[in-house]
Amino acid sequence: MSITNEKLVPGALPASLQLTQDGQLKHFLDIEGLPKSLLTQILDRAEQFVTLPSNTQKKFPLLRGRTVMNLFFENSTRTRITFELAAQRLSADIVNLDIRNSSASKGESLLDTIRNLEAMNCDMFVVRHHHSSAPHFIARHCAPHISVLNAGDGYHAHPTQAMLDMLTIRQHKQSFEGLVVAINGDIRHSRVARSQIHALNTLGVKEVRVIAPGTLMPVGIEEMGVKVFTSMDEGLKDVDVVVMLRLQKERMRGAMLPSEKEYFSMYGLTEKRLKLAKPDAIVMHPGPVNRGVEIDSSVADGPQSVIMQQVTNGIAVRMAVMSMVMGTRAMEQQING
Ligand code: NCD
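Now for a description of the structure that goes with this document. Every residue gets a number counted from 1 within its own chain, in the order that chain's sequence is written. Local features are withheld for residues below a pLDDT of 70 in this predicted model, meaning they are given only at 70 or higher, and side-chain atom pairs are given and counted only at 80 or more; totals for whole chains, interfaces and linings count all residues. Note: side-chain values were computed over all heavy atoms of the structure, leaving out hydrogens and water.

## Focus: the nonpolar core
In summary, soluble globular proteins display a tendency toward joint burial of nonpolar side chains. Put simply, a nonpolar core is a bunch of buried Ala, Val, Leu, Ile, Met, Phe, Trp, Tyr and Cys residues held in one set by side-chain atoms that sit within 4.5 Å of each other. The classification of residues rests on relative accessible area computed with a 1.4 Å probe and restricted to protein chains. Under 20% of the type maximum is buried, over 50% is exposed, and intermediate values are partly exposed. Within the largest apolar cluster, 93 residues are counted, with the highest numbers of intra-cluster contacts made by Ile183, Leu269 and Met322. Secondary structure follows DSSP: runs of H or I at least 4 residues long count as helices, runs of E at least 2 residues long count as strands, and numbering of each begins at the N terminus. Among the elements that take part in this core, helix 12 (residues 307-325) stands out by supplying 10 residues, more than any other. No fewer than three residues from each of domain 1 (15-154 + 314-336) and domain 2 (159-305) sit in this core. Membership of the second largest hydrophobic core comes to 17 residues, among which are Leu29, Met69, Phe125 and Ala143. What counts as a domain boundary in this text is fixed by an automatic or database domain assignment.

Written as structure tokens, this is what we have:
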């Protein structure tokens, strides 16, 4: 089962679509259904890329001769650019399709667009799309040698974001076991929250909490193995990790909230509220941040914030996933050599 909208819907992606017969990652579409060992492998590989000196000019030849196409049918700053940098650091050729100026705007279907791009000999599609499951559709219909990476589909999933969040948590906390993580805000419209919940549960945290007003809480979310809170003050008590989410107004139909001011007074993360969490709690946000709406600037820029570290980790995690889907042979040797 997976939650794609306001309610639970059946038909989660079979893990087999993402994995080769011997269990290697072929596409990266969804965290749901992937084993803990594979998530840990992604984190371990990403960590190898992170620990390189920040001023390194070193490029890895892992994707030399490969062509990656960024297909962003929705806006993006962090995700698109970090995918691009990740591909460049792996020595791939990368092309950004300018959707607004492409023939998609002349009515060309998604499948025809894909067929034409395939004819240009590409190896990987990175797809962000407003329709949940568009990356899965492409994965089912593209040529067998191509890998598809989901860069965010509708409300459904944002697996690389969740993995960069897991890497950031792992860098600050001893282990996932024993952690209490609170995800706060517009859960209903958040693909990030859905992927984080799957990742946190698979990695074995003690408790995942979701905190939101009733109008922004998806029906049936408990079935994903989370504790539901409508009070921020109760939900934040003694947590190790606080994840804040933006109000995704572009996805809201009708009035779901009284006003931003009132929302901030009830659900905004302030320094005072943060004191309810453990003293060493970290504050996360996938961006874009709306200061004064879901989070106060003093917290977003404060000592417990790891928001910029999340952005940096995005490059390493995307390098890890891209290198894994392109095959792992001789990989370790190249990374360490
Ligand atoms: C998120 C997204 O696009 O789903 N941002 C991101 O990828 N860093 C969250 C959001 O848009 O609020």
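## Topic: the sheet that holds strand 10 (residues 241-244)
A sheet is described by the order of its strands in space; here 5 strands give the open sequence 9-8-7-10-11, paired in parallel fashion. The outermost strands of the open sheet, each flanked by one partner alone, are strand 9 (227-229) and strand 11 (282-284). Within this sheet the neighbouring strands show an average axis-to-axis angle of 20°, counted without direction. Being paired, for any two strands, means DSSP has found at least two bridges between them. Of the strand pairs in this sheet, strand 8 (residues 207-211) and strand 9 are connected by 3 bridges, and their pairing is parallel. When the bridges of strand 9 are listed, Val210 appears paired with Val228. Lines fitted to the C-alpha atoms define the axes, with helices restricted to the stretch that makes contact. Angles between their N-to-C directions range from 0 to 180 degrees.

## Quick look at the site of the ligand
Residues are labelled near a given molecule or strand when at least one of their non-hydrogen atoms is within 4 Å of it. Taken together, Arg78, Thr79, Arg128, His158, Gln161, Arg191, Val192, Arg246, Gln248, Pro286, Gly287 and Pro288 form the complete shell of residues around the ligand. Identification of polar contacts relies on pairs of N or O atoms within 3.5 Å, with a donor-acceptor requirement for protein atoms, meaning one able to donate a hydrogen and the other able to accept it, and with residues adjacent in sequence counted only if both atoms are side-chain atoms. One of the side-chain nitrogen or oxygen atoms of His158 is found 2.8 Å away from an oxygen atom of the ligand. Arg246 has a polar side-chain atom sitting 2.7 Å from an oxygen atom of the ligand. Accessible areas in this description were obtained via Shrake-Rupley with a 1.4 Å probe; residue shielding takes into account the shown protein chains only. For the ligand, whose unbound accessible area comes to 320 Å², protein coverage reaches 93%. Buriedness for pockets is judged along seven lines, at least five of which must meet protein on both sides within 12 Å for an open set on the 1 Å grid over protein atoms alone, while cavities are sets there where a 1.4 Å probe fits but cannot get out, and lining residues have an atom within 4 Å of a point. Assignment to a cavity or pocket requires that more than half of a molecule's atoms be within 2 Å of the site's grid points. The cavity that encloses the ligand is the largest pocket. For the shell around the ligand, the secondary-structure elements that each account for two or more residues are helix 3 (78-89) and helix 7 (191-203). Nonpolar residues are Ala, Val, Leu, Ile, Met, Phe, Trp, Tyr, Cys and Pro. Charged residues are Asp, Glu, Lys and Arg, and all others, Gly as well, are polar. By residue class, the composition of the shell around the ligand is 3 nonpolar, 5 polar and 4 charged. Counting only domains with at least three residues in the shell around the ligand, you end up with domain 1 (15-154 + 314-336) and domain 2 (159-305).

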